[in-house]
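Chain by chain, the residues:
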Amino acid sequence: MGPYPEIEPYDHGMLDVGDGNRVHWEVCGNPRGKPAVMLHGGPGSGASPNFRRYFDPAAYRIVLLDQRGAGRSTPHASAYDTDMSVNTTGHILADLELLRRHLGIDRWLVWGVSWGSVLGLRYAQTHPEVVSELVLTAVATGSGAEVALLTRGLGNLFPEAFEKFRAEVPEDEREGNLAAAYNRLLESPDPEVRAHAARAWTDWETAMLPAPPRSVPRYEDPVFRMGFARTVTHYWGDDHFLGEGNEGAEGVVLRDAHLLRNIPGTLVQGSLDPGNLLGTVWRLHHAWPGSELIVVDEVGHNAGAPGMVDELVAATDRYAARG
């Protein structure tokens, strides 16, 4: 099946969402089509033009946005003077509602990848009346257990890379929350400390890729690298600002899965995605009436893999037929 052909936006803009932030958005496809919004990962990755190709442009009105601090939104998280205290899950959910109203959309399908799936799930749980369907891939829920796995647990699989990753933080912080420790380095007034920490963080992200080639070209862009590392550690070091606290290892998104009961959803997951080690996606599916789980063999945390793309496009095609 594959993705749809490349298309260009027919409208775009910068939405003033307050706190000195302006969020970049674009719309493509059919102006009278079924509305859909795409939520990128990271946190801090920014939207990709490839996202447009997961939807039939004749059937959908496709909305992409760069979340606060990412992509073409301003100010960018790579700038040291960007205030990250106003970049939280609550702020982004409010931005989504502001954008929805700005575009005159009543209800939309929400598509999310990785961190975008966390956002999509929480948005649907807190605003169920405006979400028609969910399509989620490389699924995560923002739990403390997921962060612990990615920052420490996988060290058993990649011991040499993990030892380097862990050695970059002060010795008295190596047994604690490594994401928070890295975030403190990335907030240092010393630009060399920040640059070194950003490189060390993305080196660890690259080392966790399940198979060669272990390379991520965007990490070679120092602006992207700094903004991404700063944003990821900001969120991962503080429970994704979901207020997990004493909610346990599974966190609030899995706790509130029952709130999705009236929303159809499709979960497309690679069989080699590290998050599967926790069983999170399986538990989410079974706690969410009306969801379907599709597992694609021999694929990791990668929505762009051929088999993943086929299943994601098939899902949006099915939902287009629902009207």
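Residues numbered from 1 in each chain as written. Predicted model: local features only at pLDDT ≥ 70, side-chain atom pairs only at ≥ 80, totals over all residues. Heavy atoms only, no water.

An unreviewed UniProt entry annotates the protein as Proline iminopeptidase of Streptomyces sp. SID12501. UniProt annotates the protein under Subcellular location (unreviewed entry) with the comment "Cytoplasm". UniProt's Catalytic activity (unreviewed entry) comment on the protein is quoted here verbatim: "Release of N-terminal proline from a peptide." (UniProt positions renumbered as here; feature names shortened; annotations may be inferred.)

A word on helix H7 (residues 222-236). Between its first and last C-alpha, H7 extends 21 Å over 15 residues, near the 21 Å set by a 1.5 Å rise per residue. Counting buried positions along H7 gives 13 out of 15 residues, so the element sits mostly inside the fold. Backbone nitrogen of valine 223 and a side-chain oxygen of the N-cap are separated by 3.0 Å at the start of H7; the cap is aspartate 221. (Helix = DSSP H or I, 4+ residues; strand = E, 2+ residues; numbered from the N terminus. Expected span 1.5 Å × (residues − 1). Buried < 20%, exposed > 50% of the residue type's maximum accessible area, 1.4 Å probe, protein only. Polar contact = N/O pair within 3.5 Å; in protein donor to acceptor, adjacent residues only side chain to side chain.)

Within the largest apolar cluster, 69 residues are counted, with the highest numbers of intra-cluster contacts made by Leu134 and Trp201. In terms of residue count, H7 provides more of this core than any other element does, 7 residues in total. Not counting residues within four places of it along the chain, the set of residues in contact with leucine 134 comprises Val110, Gly120, Leu121, Ala124, Leu260, Ile263, Pro264, Gly265, Thr266, Trp288 and Tyr319. Counting 28 residues, the second largest nonpolar core, distinct from the first, contains Ala47, Leu64, Val313 and Ala315. (Core = buried A, V, L, I, M, F, W, Y, C linked by side-chain atoms within 4.5 Å. Contact = heavy atoms within 4.5 Å.)

Another aspect to go through is the domain arrangement of the protein. Looking at the assigned domains, one finds that the protein contains domain 1 (11-144 + 244-321) and domain 2 (145-241). The gap between the C-alpha centroids of domain 1 and domain 2 is 23 Å. Taken together, the 30 residues of domain 1 in the interface contact 27 residues of domain 2. The three residues of domain 1 that bury the most area against domain 2 are Pro43, Tyr80 and Met84, which together make up 25% of that side's buried surface. In this structure, the connection of domain 1 to domain 2 is made through 0 salt bridges. For the pair domain 1 and domain 2, the interface holds 19 residue pairs in polar contact (both at pLDDT 80 or more). (Domains from an automatic or database assignment. Buried area = accessible area lost by both parts, 1.4 Å probe. Salt bridge = Lys/Arg side-chain N within 4 Å of Asp/Glu carboxyl O.)

Okay, the packing of aromatic side chains next. This model, assessed by the stated rule, comprises 16 aromatic pairs. Both rings, one in phenylalanine 158 and one in tryptophan 204, keep their centres 6.5 Å apart while their planes meet at 80°; by these two values the pair is edge-to-face. With a gap of 46 residues between them, phenylalanine 158 in the loop between helix H3 (144-151) and helix H4 (159-167) and tryptophan 204 in helix H6 (residues 191-207) connect regions that are remote in the sequence. Accessibility assignment for this pair places phenylalanine 158 and tryptophan 204 in one class, buried. Each member of the aromatic cluster is reached from another via a ring pair, and the members are Phe158, Phe162, Phe165, Tyr182, Trp201, Trp204 and Trp236. (Phe/Tyr/Trp six-rings, centres within 6.5 Å; stacked < 30°, edge-to-face > 60°.)

Attention shifts here to the UniProt feature "active site" (unreviewed entry) in the protein. Mapped onto the present numbering, the UniProt feature "active site" (unreviewed entry) falls on Ser114, Asp273 and His301. Taking the farthest pair of C-alpha atoms as the criterion, the annotated set spanning 188 residues converges on one region, since that pair is 10.5 Å apart. Looking at the element boundaries, serine 114 is found in the loop between strand E5 (108-113) and helix H2 (115-126). Ignoring any residue separated from it by four or fewer positions in sequence, one finds serine 114 in contact with Gly41, Thr137, Ala138, Ala140 and His301. Those residues in contact with histidine 301, other than ones at most four positions away along the chain, are Ser114, Ala138, Asp273 and Pro274. Within the structure, the side chain of histidine 301 is placed 2.8 Å from the side chain of serine 114, a separation counted as a polar contact.

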